[in-house]
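What follows is the residue order along each chain.
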Amino acid sequence: MVVPNFNHGAVIGNAIRALVAQVPPADEIIVVDDGSTDDSLAVLEGLAQAHASLRIVALPRNGGAIAALNRGLHEARGTYVYFGAADDLTLPGLFGAMLDGLARYPEASFACCEVIVHDVETGERSPRPPVRPSYSSAFLAPAVVASTLLHIDNWILTGTVVVRRDAMLAAGGFDAKLGAFADSFVFRRLSLQTGCYFAPVQGLIWRASAGGLSRSQAADPVAAMQMIAAAQEQMRRDPVFPVWYPAVFERRWRFAIGRIAALARPMNRVMLAHLGRGPLGRTILASAAALGGSVGSFTALAWLSLQERPTSVSGLLRTRLARFRSGAVASD
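Presented here is a report on the structure given in the accompanying data block. Bear in mind the structure is a predicted one, so any value in this text is a computation, not a measurement.

Concerning the overall build of the protein chain
Scanning the protein chain for helices and strands turns up 14 helices and 10 strands. For the protein chain, whose C-alpha radius of gyration is 20 Å, the value lies close to the compact-globule estimate of 20 Å for 332 residues. Across the 332 residues in the protein chain, those meeting the buried criterion constitute 51%. Contacts in the protein chain between residues far apart in sequence, at least 24 positions, make up 77% of those at least 6 positions apart. Taking the 31 positively charged and 26 negatively charged side chains of the protein chain as two groups, their mean positions are separated by 8 Å.

Structure follows, in structure tokens:
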């Protein structure tokens, strides 16, 4: 396991204890402390005394989450690697389910499942992905992954991924130029190259906050658009990605960024102004931002849905029904 940490001394103990409780237990838990200035190192040293599998790699200065993840990848020695977050909580059964899938399907580069998103600011909880790629545990061959990506996206949730270390090293690890999308990019690529395993079970509580890497980058129009452009360029140069995917990816990530902007309080007017396509789109999103509140958010999300067509409506309905029947956390 690899967990990057920067100033999460107040919560990383909970994350480590949840990881230690996984069955089967990890051979090693590598925490890469990325130059923390709080009490993280003291907390980690105390945890290491209680848990022999915990190893601390203390970096002298902050180099960013992607660099810390890559350092952890190269420090790891196990057959499989899990990349956690210092403020998330793995749920019981995650490793067992993922390792079982990888054992059954040796051709799969990685295994993944679902998460419960816990919004730290609002306290709301909702399951992800919004649309399941499969309604039963299954190996998704590369052709199936490509067919799935044609209709739905964002179902590879990094916080649940257990990946074969050799496959991750062969892929070159995480590309720092892609920022918050670096993990999503490499796992999409691996799924299209060799296939992956998906299980429709919940394996993680993802504590999402405005200060997290993905949301903070999504709130910055310049950084967000640069990330989208950089990812598209990488995809166009890489024959593993279908030729149609960069355009589909752009639509979906514009919607994802717009959704964060529309649901922010106050709404992120600057970001919404960047997302309108043409005079009409810019006018509608500007008006929605001016309205604010629930009416403004609804208007912005409705227009972004029409403009970007981010996912399968029938898939959304089917996934919600499946979760309702199974008693999973109600979606938002």
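A few points about unusual backbone geometry
Following Val23, the chain continues into Pro24 via a peptide bond in cis, with omega recorded as 0 degrees. Inspection of the secondary structure puts Pro24 in the loop between helix H1 (12-20) and strand E2 (29-34). Cis geometry marks the peptide bond from Arg265 to Pro266; its omega dihedral reads 0 degrees. Position of Pro266 among the secondary structure elements: in the loop between helix H10 (245-263) and helix H11 (269-275). For Asn7, which is not a glycine, the phi torsion comes out positive at approximately 60 degrees. You will see that Arg309, though not glycine, has its phi angle at about 45 degrees, which is positive.

Focus: the pattern of salt bridges
A full pass over the atoms with the stated rule returns 14 salt bridges. Here Arg71 makes a salt bridge to Glu75, at a shortest N to O gap of 3.0 Å. Taken together, the positions of Arg71 and Glu75, both in helix H3 (residues 65-75) and 4 residues apart, correspond to about one turn of that helix. Judged by relative accessible area, which is 35%, Arg71 ranks as partly exposed. In this structure, Arg323 and Glu114 form a salt bridge, with 3.1 Å as the shortest nitrogen-oxygen distance. Taken together, the positions of Arg323 in helix H14 (residues 313-326) and Glu114 in strand E6 (residues 110-119) put the pair 209 residues apart, joining distant regions of the chain. Judged by its relative accessible area of 4%, Arg323 is buried. Shared partners join several salt bridges into a network, and the residues in it are Glu28, Arg55, Arg71 and Glu75.

A few points about the packing of aromatic side chains
Here the structure, examined in full by the defined rule, presents 15 aromatic pairs. Considering the side-chain rings of Phe83 and Phe174, the 4.9 Å spacing of their centres and the 85 degrees angle between planes classify their relative orientation as edge-to-face. Taken together, the positions of Phe83 in the loop between strand E4 (80-82) and strand E5 (89-90) and Phe174 in the loop between helix H6 (165-170) and helix H7 (182-194) put the pair 91 residues apart, joining distant regions of the chain. On the basis of relative accessibility, which here comes to 4%, the residue Phe83 falls in the buried class. The buried category is assigned to Phe174, whose relative accessible area is 4%. With a centroid separation of 6.4 Å and an interplanar angle of 70 degrees, the aromatic rings of Phe181 and Phe185 are classed as edge-to-face. Like Phe185, Phe181 is buried.

What about helix H5 (residues 142-149)?
Among the residues of H5, those classed as buried are Val145, Ala146, Thr148 and Leu149. Seen from one end, H5 has its buried residues packed into an arc of 160 degrees, which puts them on one side. Buried positions along H5 lie against strand E8 (138-140), H7, strand E10 (196-208) and H10.

Observations concerning the pairing of E10
Each regular strand carries side chains that alternate between the two faces of the sheet. By the bridge criterion, 2 bridges tie E5 to E10 in an arrangement that is antiparallel. What sits directly across from Thr90, in E10, is Leu204. In terms of strand pairing, E6 meets E10 through 8 bridges, oriented parallel. Of the residues in E10, the one forming a bridge with Asp119 is Ala208. In the sheet, E8 pairs with E10 via 3 bridges, with the strands oriented antiparallel. Counterpart to Phe139 in the pairing with E10 is Tyr197.

Cut-offs applied
- Residues numbered from 1 in each chain as written.
- Predicted model: local features only at pLDDT ≥ 70, side-chain atom pairs only at ≥ 80, totals over all residues.
- Heavy atoms only, no water.
- Helix = DSSP H or I, 4+ residues; strand = E, 2+ residues; numbered from the N terminus.
- Rg over C-alpha atoms; globule rule 2.2 N^0.38 Å.
- Buried < 20%, exposed > 50% of the residue type's maximum accessible area, 1.4 Å probe, protein only.
- Contact = heavy atoms within 4.5 Å.
- Lys, Arg positive; Asp, Glu negative; His and termini not counted.
- Charge placed at Lys NZ, Arg CZ, Asp CG, Glu CD.
- Salt bridge = Lys/Arg side-chain N within 4 Å of Asp/Glu carboxyl O.
- Phe/Tyr/Trp six-rings, centres within 6.5 Å; stacked < 30°, edge-to-face > 60°.
- Arc of directions from axis to C-beta.
- Pairing = 2+ DSSP bridges.

None of the figures reported here should be taken as evidence of function without further support.
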